[in-house]
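These are the residues of each chain, in order.
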Amino acid sequence: MENNFYLAWSPDSKIQEMGSSGGAVTSLLKFALENKMVDAVLAVKKRNNSRFDAVPALITDPDLVHEAAGAMHFAPLNMVKIIKEYLDGAMDMRVAVTCKPCDARAFIELAKRNQVHRENLFLIGLNCSGTFLPTVAEQMIREAYGENPQDLAGEEVDGGKLIITLKDGSTREKDLEELARQGFEMRENCLRCSYKIPRMADIACGKWGNKGNAATFIEICSSKGHEFLEAAVQGGALVMETATDEQIEERKRKETEAVENAQAREKKELDELKGYSSQQRLEYWVGHLNRCIKCFGCRDACPICFCKECYLEPYRGCIPGGETPPDIMFQLIRLSHVADSCVNCGQCQDVCPMEIPLTRLYNFLNREVADIFEYEPGVDINQPPPLTTVTDQELFIDPPDIIYEDASAR
Amino acid sequence: MSNDFDPKILAFLCNWCSYAGADLAGVSRMQYPPNIRVIRLMCTGRIDPIFIINALTRGVDGVLIAGCHPGECHYGKGNLYTRRRVLMTKKLLECIGIEPERLHLAWVAASEGPKFAEVVKEFTEETKNLGPNPLATLTREEKGK
Amino acid sequence: MNAIEHIPTVCPCCGCGCGIELVLKNGKIAGVEPLKSHPVCKGKNCLKGKNAYLYANSEERLTTPLIKKNGKHEACSWDEALDLIARRLSEADRDAVGFINSGKCTNEDLYLIQKFARIICKTNNLDNASRFCHSTSVPALLSTVGAGVMPTSTLSIEKADCVLIMGANIQETYPMIANRVLMARTKGAKIITADLRRTPTVKNLTDLHLQIHPGADAALINGMMKIILEQGLADTDFIEKRTSGFDELKSYLDTVDLPEIEKITGIDVERIKEAAVAYANAHNACIMFNAGIAQHAGGVETIQTLADMALLTGNYGKPGTGVNPLRGHSNGEGFGDMGTVPVFYPGFQKVNEETAGRFEFIWGAADLPDKPGLTYMEMVEKCPFLYIMGANPAMSAPDLNELRKAFEKKELVIVQDIFMTETAEMADVVLAGTSGAEKDGTQTGVDRRVQRLRKAMEPVGNSLPDWEILCRLAEKMGAGEHFPFKTSEEIFEEIRKCVPQYRGITYERLEQAGGVQWPCPDEGHPGTETMFVEKFGTPDGLAHFQVAPYKAPLEMPDDSYPYILTTGRVNFHFHTGSMTRRTERLQNEISEAFAEISLEDSENIGIAGGDEIILKSRRGEVRTRARVTADIKAGQVFLPWHFPECLANMLTGPSAGPPSRMPEFKFSAINIEKVEADGK
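As the structure is a computational prediction, the values presented were derived from the model and not from experiment. (Residues numbered from 1 in each chain as written. Chains lettered and ligands numbered in written order. Predicted model: local features only at pLDDT ≥ 70, side-chain atom pairs only at ≥ 80, totals over all residues. Heavy atoms only, no water.)

Draft legend 1. Focus on the pairing of strand β7 (residues 161-166) of chain A. Residue and element names in this part refer to chain A. Where strand β6 (residues 152-158) and β7 come together, 6 bridges link them in antiparallel fashion. Each bridged residue has a counterpart across the sheet, and for Val157 the counterpart in β7 is Leu162. Hairpin connection from β6 to β7: 2 residues lie between these consecutive antiparallel strands, with Gly159 at a positive phi of about 55 degrees. As paired strands, β7 and strand β8 (residues 171-175) are joined by 5 bridges and run antiparallel to one another. (Pairing = 2+ DSSP bridges. Helix = DSSP H or I, 4+ residues; strand = E, 2+ residues; numbered from the N terminus.)

Draft legend 2. Examining the pattern of salt bridges more closely. Residues and elements named next belong to chain C. Summed over the entire model, instances satisfying the criterion amount to 91 salt bridges over all chains. For Arg180, the salt bridge goes to Glu158, with nearest N and O atoms at 2.7 Å. In this pair, Arg180 is assigned in helix α6 (residues 175-186) and Glu158 in the loop between α4 (137-144) and β8 (162-166), connecting sequence segments 22 residues apart. Judged by its relative accessible area of 4%, Arg180 is buried. For Glu158, a relative accessible area of 15% puts it in the buried group. Between Glu645 and Arg581 there is a salt bridge, with its nearest N and O atoms 2.7 Å apart. (Salt bridge = Lys/Arg side-chain N within 4 Å of Asp/Glu carboxyl O. Buried < 20%, exposed > 50% of the residue type's maximum accessible area, 1.4 Å probe, protein only.)

Draft legend 3. Examining the packing of aromatic side chains more closely. Residue and element names in this part refer to chain C. According to the stated counting rule, one finds 30 aromatic pairs over all chains in the structure shown. A centroid spacing of 5.6 Å and a plane angle of 25 degrees characterise the contact between Phe99 and Tyr387, whose relative ring orientation is stacked. Linking Phe99 in strand β6 (residues 97-101) with Tyr387 in strand β16 (residues 385-389), this pair joins segments that are 288 residues apart in sequence. Across the pair, Tyr387 and Phe99 agree in class, each one buried. Ring centres 6.3 Å apart and planes at 45 degrees place the aromatic pair Tyr345 and Trp363 in the tilted group. Placement of the pair is Tyr345 in strand β14 (residues 344-345) and Trp363 in helix α16 (residues 353-363), with a sequence separation of 18 residues. The same class applies to Tyr345 and to Trp363, which are both buried. (Phe/Tyr/Trp six-rings, centres within 6.5 Å; stacked < 30°, edge-to-face > 60°.)

Structure follows, in C-alpha cells:
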C-alpha cells in the first residue's frame, strides 16, 4: 500500500446495505474484532431506532458491530469522555473508536498529557460537515421540512444544503441558510469548525470524493492505519481501490469550500467580538456568565478537563461553595485551563442549562493563543502544549513580550 | 480623567533577582510610587495565571510581575514559563474585557535598582490612566444593588 | 472485559422531569450524564440531576426491615416485619389508620397504596406532602378552570411573550423551566417576577421585579386586574365565549382601591401598572407560581386571582399561556392522578357513593369507603396507626414540636423509606424500600408528562420496591387476589383502566424520551400539549371567575416576634435533603444551614455575616448562621428548610382551614437573637 488515498467498500452485501457508503468502516471494525487486533470497538448506536437518540456502544462481539452502523448528524456524542473517564484512558485495553474530527483532536491533546494511551487506540476518523442537537433537529424535521421525524432514514450535508432521506427512499433538501433563518442551525462550534477531515486520526473516512458510489473514501494518516487496512484487505474483509486524481480533486474541492465557509463564519464572529470596546466586552461576558448555576456540566463534559482534584470543587478552597452564581473565578479558571487546548468540540455549550455561549468564549481565546504560540490543539501529537514547554532558544530571546526570534510582538 | 485615583497594584517579585533589585532601590533611597503591594516568590515560574486573574477579580487595579532576565533564572528556565503564561493571560484578559495593559511583565536583575523604580513608576502611571478595574466595579455593583 | 451501559431514566428531584443516563460500568453506576435526546432537558442537567441516584449506593441505605425493640431498631426478616404489621392493622378500626405517601414514589407504588388503604383498611385517609405545597392550588384551580394541573407544556413556555413568575425562584429550583423562560426572553419576551427577595431568578432572568411584601400577592393581582379593566385591555371576546361570573368580578374590582393596594403590597402603583399592561398586551402571557404563593393561608384566594387575570386576558388554551403550578416532587403530578388523596379516587374521581361503587366493580371489592378521609396533619393528630411511605413529616410538617409529641402517643408507626430519616427514627417498624434506580416504574412531571423510570441496579441489600412490599403485605392480610402483580408494568396496565387520562399510555409508548403528556384517551392519541383548548374542566365547560379578596396572613409580626420568616429552597439541595445531603458533591457545596438577614437588621441587632443566631417563634427555636445580604428587605428573614440541624419547621405553624388546610410556611412571626461569644 503505497498511496494514501483509496476508495473502499465491504465485499459483504449485507454489511454494504447496513453501513454508510459501502460499509467499509463497519467491515473494518468487525474484522479488527474478529482477529483480535482490538479488544473492543467504541461506536455510536441508535436507541429505539431513532436517528435522534444515540448512545455510545462498547462492542466486544464482532457479530454486533453492524448495530452501530451509519453516521448520525443529529446525535453528537462525547466519545472522548467514555475512554477518558469510564475506561481508564484505554490503559489496559485496545479500542477502535469511530470519531468526529473534534473527538480525534481531543484524543491527541489528551495523549500529549498522558491521559489516554494513544498506542491502545485505533482512531477511525469520520469526515464531518457539522451536527445538529437532537432536539433542534427533531423540531426542524417537523416544522421546516413538514415531515414526521420517525420517518427519517438518513441525513447528509452537502454543498450548503441539508438533504434528508425518508424511510420510503424519497429525499428532501433545504438550504442551510434558509434553515438558519427559520431558527434551525447547526451547533455553534460546528459552524466555525475548519476540521472537516480528521487527518490526526489513524484513517480519515468519508463520502467526499466517492462520486456518488457506494464506497468510502479513505485517507491513510498513520502507519497503524496502513497496518489495519492492509490486514483487512488480506483477510478479505475490505476491497480497496486507489483513488483517481479526479476523485481526490473532488474531495479537495468540497473540503476547501466547507473550510472557507467555516473560516468566514469564524472571522465574522471574532470580528464582532473584537469590535466591542473593552467595557462592552466585559459587560457582554459577565452578563452571560452571571447566569451560571454551577452545575459543573461544562467541566464534566469537557474532553480536555481531567484533573482528579479539580480547582473548582469547594473543598479546594478556591471557589466558595453554595453560591449561585459561583464566583466569576469559576468561569475564568476553566477558561485559563483550556486556553491552549480547546478543540472546539462544543460539548460544554451543549450541556449548559443557562445557554451560556461557552464555546464562543473559549474559541475566542484559543484562536489568540494558537496564533501567539503557533500551536494548533489536537493536530500533531508531537507538538508539545505551549504553556508547559519552553525551548532552549528562548534563553536567548530577551523581550518579555515575545518568544519567537523572528517576530515582533504579536 | 481627574487623577485622584490611586491604583492598587499587586507585585510578584522573585527572590533572587527582582526582589533583590527592589531592595537595592530601597537602600539607595530611590523614589517610586507607593502603590505596590509585594508578594515574594522564589521564582516567577511559580505564578499560575489564576493568581493574576484572581487578583484582578478581587479588585486590584494592576498586576506587576518582575523576574530575572532570560538566561539568568536561578532555576534555569522558570522565567521562560512565566513569559509564556503572561502572554496567554494578557490575551485572556483582553478576551474577557479587562485591559491587558493591567498586567505587566518586566525583567529586573538584582543589580538593577534604578530599573525597578522606573518599572514601578511607569506601570503605576499606566494603571492610573487606565482607571479603576472595571470588573471590580461591576461585581461591587451587583452585590450592593 | 469492561462493559459500559447507558440506562436512560428520569431525575428523581424536582418536577421538571429531566432525562438522565445512568452510566453503568460492569453493572455498577459509574456516572450520570444528561440525556441528549430528551425534549425537556435537551441534554442539560442541573447539579442535582448530574448527581442523581448516586445516593443509592450510600452506606446509610436501609438494607433490611427493622423492628423497634426496647427503644432500639433491630434487623428482622421481611416475614417478621410484615406479619407484625398485618396483625396490628387487622385489629385497627376503620379510619384509625392514616396513610402518608409521597411524590417521590412511582405511580405504581402510589396506585397500590391507595388500593391497599381503600380495600384492606377501608379508609380514605390518604395524603402526602403536597398538602404542604399545592393543597391551595387544587381547590383554587378547580373552582376556576376545573383542573389543578399545568395547562401548558414546559416546551411551550418559550412561545410566551410575557412571563409572570410568582413566588418561585426558578433558576435555583426548576432550572429547565428557567431555561425555557430564558429562551422566551431571548426572543423578546418580558419577564416579570414577584418575589420578596432578590433571588438569582430576579437578577438574571427578570425585566421587572416587583419586590412585594410577603403574602400580599392577591392584592397585587386584584390591583393589576383593576388596571387591565380600566385600560380596556381585557379580552372581551374570550370572556363572553368561554367564561361565566365576569359581572361579579367586575363589581368587586370596582371597589378595589389602588392606593390601598400600594400600601399592602409595598409596590408603587406605576410599577403595578407597568406589569399589568405588559401582561395584558402580550399575545401569549404565561403565569407560573409555586410555594411562595401557595403556602399561605390566603393561597386559595391568590391562585384564584391568578386564574381570574389569565381568563380576563384570554390567556388560556394556547401554548405558552395559562396559570401553571410547578409541582415540587418528581412525581408530584402523578400522586394526584393516582388518587392518593382523601378526596379523590384515581383519575380525579370524587370520593362519594357513586365512585366507590364504580371502583367496587373495577376492583372486584366490596364496601369501599365513600366519605372523604382525613388530611395530613389531621392524620398526624388523630390516627393511632400511621403508615408512612417515602415521606418525612419530622422535617416537612409544620410545628414540629407538636408533631413529635403526637408521634410518641401512636399505637403503631410504620415507615417505608430508603434511608433512616428523621421520621424513621421514630417508627416502630421500618421497611427498607428501593430508590428509583432499583426498580421500574413511571413518574409524572409538572407538565403532565408520564415518563419511564428504568431499573439500573439490583435492590441494595434486602430492600424491596415499594409496590412489592405492599403486595406482600396485602397477601398476608388476606387480600392477595387484589394484588397479584409481578411487574410494575402489570400495575400500570391496571392504572390505565382506572385513570381515564392515562388510558392511551403504555410502557411501549413510554420507550421514547420525553414520555407522553396526559390526557391521552387512546393508544393512537399523541398526548396533550396544551389543555383547555376547546373546553375547561368544569362541568359546564366554562371557566368561572371567582371573587377573591386579599386575606392577611394568619400570624402577623408583633412586639415579641417582630420579624417575618419565610422559608424556601436553594440550588444545591432538594427538600428535606434525604437524597442530596447524602450526595457528596452537593453536600460539599452547602453543608450547613444559614438564614438570610437584611443589611439594616444585621446592623440593628449587631450581627455580622457568619455569626451564630437563634431564631425563635411561638412554637420553637433554631440555631443557625447569619448570611447578611442586600437581597432581602428589612424585617424579613429567609431560611432554607433542607437542614435537619436547623429545622425551619420548628418555627412555622398555623394552618388554614378547609378546603386546603395549608400550613402558612411562608409567613411566620419570629424574633432574632444574637448568640454571645460565650455561647448564650
